[in-house]
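Fold and geometry: a report
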Amino acid sequence: QQQVKQSPQSLIVQKGGISIINCAYENTAFDYFPWYQQFPGKGPALLIAIRPDVSEKKEGRFTISFNKSAKQFSLHIMDSQPGDSATYFCAASAGAQKLVFGQGTRLTINP
Amino acid sequence: ETGVTQTPRHLVMGMTNKKSLKCEQHLGHNAMYWYKQSAKKPLELMFVYSLEERVENNSVPSRFSPECPNSSHLFLHLHTLQPEDSALYLCASSFQGMNTEAFFGQGTRLTVV
């Protein structure tokens, strides 16, 4: 129940396209859902996060969509650019508990 | 820079060696973490320290020994490792007790030969 399932494992998108990464969870106590971005040779860095009181959060080209009833959330990257090529991790936590990470998605944006 | 610094960045060690990984955070956080990141695997949480007390040990073999002498420093002591322990070891810090951002260091790429 502590797992967060992320898909796909890898994704190739053409420049200018929309990249979509999905995550699903079981623990209804989760109340914080961040996405992390990791470039090669770097540690993960927070990209955007959402709490379950809203269904969508947008920051620039990055949008989180949250479906509480389905226990799913997704990251959308609009107008994807080669510089967005990285590994993306979704995560979730409940209250003061530690973050639980998804398996990661390796995103490649072709020029 | 994220405010979390790990040293060394790369480490090659033999199976009989003893080495230590160091992590330092300048963010005033009160919780620190060690994660293991292997190819094609999710981030594996190894240890959690909150207010310098170890609060979680996720069934990590005893050849990995953490130490947290104060809230700004975290070490991972390594001895008699196996080749399958080769991975990227990431340190992170955050404020414990609330859902806030975890800040990661750049990691130590460990190769056991």
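Let me sum up the structure you'll find in this document. Small disclaimer: the values here were computed from a predicted structure and weren't measured.

**With respect to the state of the cysteines**
For the structure shown, the criterion picks out 2 disulfides over all chains. A:Cys23 shares a disulfide with A:Cys90; S-S distance 1.9 Å. The S-S bond linking A:Cys23 to A:Cys90 shows a torsion near -95°; that makes this disulfide left-handed. Of this pair, A:Cys23 sits in strand β3 (residues 19–25) while A:Cys90 is found in strand β9 (residues 86–92), placing the two residues 67 residues apart along the sequence. Take A:Cys23 and A:Cys90: they sit in the same class, and that class is buried. At a sulfur-sulfur separation of 1.9 Å, the disulfide partner of B:Cys23 is B:Cys91.

**Looking at the environment of B:Phe75**
Counting through the fold element by element, B:Phe75 comes out in strand β8 (residues 73–79). With 16 residues separating them along the chain, B:Phe75 and B:Cys91 place their C-alpha atoms 9.2 Å apart.

**Comments concerning the pairing of strand β4 (residues 33–38) of chain A**
Residue and element names in this part refer to chain A. Burial within β4 is extensive, with 6 of its 6 residues counted as buried. By the alternation rule, side chains of β4 split into Phe 33, Trp 35 and Gln 37 and Pro 34, Tyr 36 and Gln 38, which are all buried. Here β4 folds back onto strand β5 (residues 45–50), and the loop between the two strands holds 6 residues, one of which, Gly 41, carries a positive phi near 80°. Here β4 runs beside β9; their pairing, made up of 4 bridges, is antiparallel. By the bridge assignment for β9, Gln 38 is matched with Thr 87.

**Concerning the interface of chain B and chain A**
Counting residues at the interface gives 21 residues for chain B and 20 residues for chain A. Each partner contributes to the roughly 1600 Å² buried at the junction of chain B and chain A, and carbon and sulfur atoms together form 52% of this total. In this structure, the connection of chain B to chain A is made through 0 salt bridges. For the side of chain B that touches chain A, the secondary-structure elements that each account for two or more residues are β4 (31–37) and β9 (87–94) of chain B.

**A short note on the sheet that holds strand β6 (residues 56–59) of chain A**
Residue and element names in this part refer to chain A. Here we have 5 strands laid out as an open sheet, ordered β1-β3-β8-β7-β6, and antiparallel in their pairing. Two strands close off the open sheet at either side, each with one partner strand: β1 (4–7) and β6. Across this sheet, the average inter-strand angle for adjacent strands is 15°, counted without regard to direction. Here β3 pairs with strand β8 (residues 72–77) via 6 bridges, running antiparallel. Note that in β8 the partner of Cys 23 across the bridge is Phe 73.

**Comments concerning the packing of aromatic side chains**
The geometry of an aromatic ring pair is captured by the separation of the ring centres together with the interplanar angle, meaning the angle of the planes. All names here are of chain A. Summed over the entire model, instances satisfying the criterion amount to 16 aromatic pairs over all chains. Ring centres of Phe 33 and Phe 66 lie 4.8 Å apart, and the angle between their planes is 45°; this geometry places the pair in the tilted category. Separated by 33 residues along the polypeptide, Phe 33 in strand β4 and Phe 66 in strand β7 (residues 62–67) bring together distant segments of the chain. Residue classification places Phe 33 among the buried residues on the basis of a relative accessible area of 0%. Phe 66 sits in the buried class, given a relative accessible area of 7%. Put simply, the rings of Tyr 25, Phe 30, Phe 33, Trp 35, Phe 66 and Phe 73 touch in pairs and so form one group of aromatic residues.

Calculation criteria
- Residues numbered from 1 in each chain as written.
- Chains lettered and ligands numbered in written order.
- Predicted model: local features only at pLDDT ≥ 70, side-chain atom pairs only at ≥ 80, totals over all residues.
- Heavy atoms only, no water.
- Disulfide = S-S within 2.5 Å.
- Helix = DSSP H or I, 4+ residues; strand = E, 2+ residues; numbered from the N terminus.
- Buried < 20%, exposed > 50% of the residue type's maximum accessible area, 1.4 Å probe, protein only.
- Pairing = 2+ DSSP bridges.
- Contact = heavy atoms within 4.5 Å.
- Buried area = accessible area lost by both parts, 1.4 Å probe.
- Salt bridge = Lys/Arg side-chain N within 4 Å of Asp/Glu carboxyl O.
- Axes fitted to C-alpha atoms, helices over the stretch in contact; angles between N-to-C directions.
- Phe/Tyr/Trp six-rings, centres within 6.5 Å; stacked < 30°, edge-to-face > 60°.

Don't take any of this as a statement about function, it's just geometry.
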